[in-house]
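Structure at a glance
Single-letter residue listing:
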Amino acid sequence: MSGLWMDVHVLDSRLLLLLGRPYLTVCIDVYSRMSLGFFITFEPPSLYSVLATLKRVNWHKGYVQKLYPQIKRPWDGWGCPTEIVLDRDWAHQSPR
């Protein structure tokens, strides 16, 4: 699982106010390289963003074919992972 800073600026389209730069946390299956879940937020990477991403990893992805009928194959990447490997981001380090 990795949390990274996205190199984009988000603007409010009505007021043209700069909202900030979002962070993206992604969970990718090491074997298949399939994206299992992601979470975009304006808060820096933290335990909250990791848990929100894991929540999306556990969701059944049947809604994807309903929202996007042009996708023919199901997104089968969901369920409880047996092992989770985090990157070396400071937000994912335990205080020692």
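Residues numbered from 1 in each chain as written. Predicted model: local features only at pLDDT ≥ 70, side-chain atom pairs only at ≥ 80, totals over all residues. Heavy atoms only, no water.

This part is about the packing of aromatic side chains. This model, assessed by the stated rule, comprises one aromatic pair. With a centroid separation of 5.6 Å and 80 degrees between ring planes, the pair formed by Phe-39 and Tyr-48 is classed as edge-to-face. (Phe/Tyr/Trp six-rings, centres within 6.5 Å; stacked < 30°, edge-to-face > 60°.)

Even without glycine at this site, Leu-16 takes up a positive phi of about 55 degrees. Take Leu-16: it is sitting in the loop between β2 (10–11) and β3 (18–20). The exposed category is assigned to Leu-16, whose relative accessible area is 64%. (Helix = DSSP H or I, 4+ residues; strand = E, 2+ residues; numbered from the N terminus. Buried < 20%, exposed > 50% of the residue type's maximum accessible area, 1.4 Å probe, protein only.)

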